[in-house]
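Working through the structure, step by step
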There are 2 protein chains.
Amino acid sequence: MAAPDEGQSLEESTVSPGLGRFKRASRGYRGHVSRETRSRRAPTLEDVAARAGVSRATASRVVNEDPRVRPRAREAVAAAVAELGYRPNRAARSLVTREADSIAVVVPEAEDRVFGDPFFAAMLGGITQALADSPAQVLLAMGRRGQGAEKIEKYLRGGYTDGAIVVSHHRDDRIGEVLRETQLPAVYVGRPAGEPRLPFVDVDNHAGGRLAAEHLIAQGRRRLATIAGPQDMTPGADRLAGWRKGLAEAGISTDPQDGLMHELVEVGDFTAPPAGRRCSVCWLSARSSTGSSPPPT
Amino acid sequence: MAAPDEGQSLEESTVSPGLGRFKRASRGYRGHVSRETRSRRAPTLEDVAARAGVSRATASRVVNEDPRVRPRAREAVAAAVAELGYRPNRAARSLVTREADSIAVVVPEAEDRVFGDPFFAAMLGGITQALADSPAQVLLAMGRRGQGAEKIEKYLRGGYTDGAIVVSHHRDDRIGEVLRETQLPAVYVGRPAGEPRLPFVDVDNHAGGRLAAEHLIAQGRRRLATIAGPQDMTPGADRLAGWRKGLAEAGISTDPQDGLMHELVEVGDFTAPPAGRRCSVCWLSARSSTGSSPPPT
DNA sequence: CTGTTAGCGCATTCAG
DNA sequence: CTGAATGCGCTAACAG
């Protein structure tokens, strides 16, 4: 399990036939239009420096907004940059700074799931919004089990990114492990399962579940059912726990022995279809099985 | 319009306060866990070479699957790679090869739109699928007008990518211009408007629209209405053109003068809501205006 | 087949 | 404040 991983790494890091084709096409196309535009080589810091009559170091300083540059020099460099259309070479910069200048949004879910659930749209929107005026790039990496999971891992390990935001973490994905090994700074959206030391943002899921139970109970309901979220995700598990807590505190038993055929809980996956499907099976059967209620408060 | 662009380039390419904060957080976190794991510096090709008892060049060759390496040496290097857990430094490689090893999927649409429309999910899925065993990374860049459009442009110009796949191109986005200037290899999904030389894949939209008209006409329908796609996208425009051609060939006039209050065409945006909304306005008013039919075939 | 030699473009000490 | 020098890690000729 460890050795094959390394072997795979090696292969993946090399040029495959697939990329070969891509490259050829790339060259061909590039060549096709290259006659129409000028500039064979992109201007470098060296060019800028020469044009501004300063050294590379000084040019670098103004590009990076280092304060210790005389206004005169600063202006000269700025002008040169504008005239030459200079853009720093990211690879070169990255090589020396050891930073990729990008942050990955990791979603361990199948692609169609990510695109189908409005939750992710909102989350992505918020994240990109927040990073709108940051120079850092936002990269979306998604996939689950075969369908992109190893791609994510490769991405995280490949040094493509400076940090990660993990959005829909499941207990069984290896994201946490990868993050720990690569020592990548990361934050989870939703408390991570089995990764106690990692920072995260989340709502109080437990309180939410409990609140739901209390609300229904306050309305006089006594036979309460819930469609829970996936139990391999802490939000799903925490909410269910809160729900049960709420029932228990109200003295409503969830014990199958206690007159109910079984606890009125079905586990969904945060999507609508399964909820509807399960309902018709579980609730009906439960409803038709016994009418007895648990003891009052 | 040109000068400000350059000025903007400079600013964007430099470290802003935003990234500054990100960096600090990054360092802090990294430092926090750095005591728990070994390896201060990632192994380099140099290390691998030394360990395998060969030169850096040879090590590089086997990593890149260059055939001209003796099996013995190859194995030695492979072993060293595995033992050291070597992973090529992308920045360094990129610096010399001048390739980013990634391809961008550009979607000039608002994020919520992209995540809401199943079309994009399918498209993205297909693309990543096709590139699954390619070493190239797939990056998703989306946004339209303010909400990410300039981010896309910056991305394309930043040398982050080797090529682009443009998915939902509108006539007014600047993608084509950027692509031309950067000479990035690109392919459009859907014939690009105003960019005749760029390669694309598409269905025969014109024939589709015509087919629809012919089908309805064959069924004996005579007052035909259509909800067209956005007219600033060639698929939308082409389909409508085909539709009109179909009507014309059947001798069905679309001329308002010809007894109809106006042509029964409403322009939507490839989503369901506008279609429903417009229908109730247009169709009803058209229906109540005149009952006369165009001349028969 | 393999090692040696050069840079790729940039940030960064370290002296002035 | 500024410039000269150094090296990040890697690929690509160019000789052996």
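1. Side note on the overall build of chain A
Helix and strand counts for chain A stand at 13 helices and seven strands. Within the span of chain A, comprising 297 residues, buried residues form 44% of the whole. Of the contacts made within chain A by residues no fewer than 6 positions apart, 62% connect residues no fewer than 24 positions apart. Looking at chain A as shown, the accessible area adds up to about 15,700 Å², and 54% of this sits on carbon and sulfur atoms.

2. Comments concerning the pattern of salt bridges
For the structure shown, the criterion picks out 34 salt bridges over all chains. With its nearest N and O atoms 3.3 Å apart, the salt bridge here joins Asp66 of chain B to Arg68 of chain B. Members of the salt-bridge network, linked through shared partners, are Glu153, Arg157, Arg174, Glu177 and Glu181 of chain A.

3. Things to note about the protein's contact with DNA strand C
Around DNA strand C sit 28 residues, and of these Leu45 and Tyr86 of chain A together with Thr58, Arg70 and Arg98 of chain B come closest. Protein-proximal atoms of DNA strand C, defined as those within 4 Å of the protein, fall in sugar or phosphate at a share of 62%. Within the side chain of Thr58 of chain B, an N or O atom sits 2.7 Å from a phosphate oxygen of DNA strand C. Looking at the surface near DNA strand C, the elements with two or more residues in it are helix 4 (56-63) and helix 6 (90-97) of chain A together with helix 4 (56-63) and helix 6 (90-97) of chain B.

4. What about the sheet that holds strand 3 (residues 163-166) of chain B?
Residues and elements named next belong to chain B. In space, the five strands of this open sheet follow the order 2-1-3-4-5, with parallel pairing throughout. Where the open sheet ends on each side, the last strands, each with one partner, are strand 2 (137-142) and strand 5 (200-201). When strand 4 (residues 186-189) meets strand 5, the two strands line up parallel, connected through two bridges. Looking across to strand 5, one finds that Tyr188 is bridged to Phe200. Running over the sheet, helix 9 (residues 149-157) touches strand 1 (102-107) and strand 2 and is turned about 160 degrees from strand 1.

5. Details of the sheet that holds strand 3 (residues 163-166) of chain A
Hydrogen bonding along the main chain pairs the strands of a sheet, whether they run parallel or antiparallel. All names here are of chain A. The parallel open sheet is built from five strands, whose spatial order is 2-1-3-4-5. The outermost strands of the open sheet, each flanked by one partner alone, are strand 2 (137-142) and strand 5 (200-201). Note that strand 3 and strand 4 (residues 186-189) share three bridges and pair parallel. Residue Val166 lies in a different strand from strand 4, and its bridge partner there is Tyr188.

6. Notes on the packing of aromatic side chains
Counted under the stated rule, the structure contains five aromatic pairs over all chains. Considering the side-chain rings of Phe115 of chain A and Phe115 of chain B, the 5.3 Å spacing of their centres and the 25 degrees angle between planes classify their relative orientation as stacked. In this pair, Phe115 of chain A is assigned in helix 7 (residues 111-116) and Phe115 of chain B in helix 7 (residues 111-116), connecting two distinct chains. Between Tyr155 of chain A and Tyr160 of chain A, the aromatic rings sit 4.7 Å apart at their centres with planes inclined by 15 degrees, giving stacked as the arrangement. The buried category is assigned to Tyr155 of chain A, whose relative accessible area is 4%.

7. Let's talk about the side chain of Ser94 of chain A
Among the secondary structure elements, Ser94 of chain A is positioned in helix 6. Classification of Ser94 of chain A by relative accessible area gives buried; the value is 15%. Residues within four places of Ser94 of chain A in sequence aside, it is in contact with Glu99 and Ala100 of chain A together with Ala91 of chain B.

8. Side note on the confidence of the model for chain A
Residues and elements named next belong to chain A. Residues with a pLDDT of 70 or more make up 75% of chain A, whose mean pLDDT is 78. Confidence drops under a pLDDT of 50 for residues 1-38, and excluding neighbours within four residues, the segment shows 44 contacts in the predicted structure. The low-confidence segment residues 280-297, where pLDDT is below 50, has 24 contacts with residues more than four positions distant or belonging to other chains.

9. A closer look at the protein's contact with DNA strand D
Surrounding DNA strand D, one finds 28 residues, the nearest of these being Thr58, Arg70 and Arg98 of chain A together with Leu45 and Tyr86 of chain B. Near-protein atoms of DNA strand D (within 4 Å) split between backbone and bases, with sugar and phosphate holding 63%. Ser60 of chain B is positioned with one of its side-chain polar atoms (N or O) 2.7 Å from a phosphate oxygen of DNA strand D. Contact between DNA strand D and Ala92 of chain B: a base nitrogen at 3.5 Å from a main-chain N or O atom of the residue. Mapped by element, the contributors of at least two residues to the surface near DNA strand D are helix 4 and helix 6 of chain A together with helix 4 and helix 6 of chain B. Among the elements that line the surface near DNA strand D, the one with the most residues is helix 6 of chain B, at five residues. Among the residues forming the surface near DNA strand D, the class breakdown is 13 nonpolar, seven polar and eight charged.

Each value, and the rule that gives it
- Numbering of residues starts from 1 in each chain and follows the order in which that chain's sequence is written.
- Ligands are numbered from 1 and chains lettered from A, in the order in which they are written.
- Per-residue local features of the predicted model are confined to residues with pLDDT of at least 70, and side-chain atom pairs are confined, for both listing and counting, to 80 or more; whole-chain, interface and lining totals are unaffected and use all residues.
- Working from all heavy atoms in the structure, the side-chain values ignore hydrogens and water.
- The numbering of helices and of strands both runs from the N terminus, where a helix is a DSSP run of H or I of at least 4 residues and a strand a run of E of at least 2.
- Burial classification: accessible surface area is computed with a 1.4 Å probe over protein chains only, and a residue below 20% of its type maximum counts as buried, one above 50% as exposed, and the rest as partly exposed.
- By definition in these notes, contact holds between two residues if any of their heavy atoms fall within 4.5 Å.
- What sets the accessible areas is the Shrake-Rupley method with a 1.4 Å probe; for residues, cover comes only from the shown protein chains.
- The salt bridge criterion pairs a side-chain nitrogen of Lys or Arg with a carboxyl oxygen of Asp or Glu, the two atoms within 4 Å.
- Any residue with a heavy atom positioned within 4 Å of a molecule or strand is treated as near that molecule or strand.
- Think of a polar contact as two N or O atoms within 3.5 Å of one another; within protein, one of them needs to be a possible hydrogen donor and the other a possible acceptor, and neighboring residues in sequence only count if both atoms come from side chains.
- In short, DSSP must find at least two bridges between two strands for them to pair.
- Only the contacting stretch of a helix is used when fitting its axis, a line to C-alpha atoms as for every element, and angles between N-to-C directions run 0 to 180 degrees.
- Pairing of aromatic rings covers Phe, Tyr and Trp, the last counted by its six-membered ring, and requires centre-to-centre distances within 6.5 Å; plane angles under 30 degrees mean stacked, over 60 mean edge-to-face, and any other angle means tilted.
- Scored between 0 and 100, pLDDT is the confidence that the predictor attaches to each residue.
- Charged means Asp, Glu, Lys or Arg here, nonpolar means Ala, Val, Leu, Ile, Met, Phe, Trp, Tyr, Cys or Pro, and polar covers whatever is left, Gly included.

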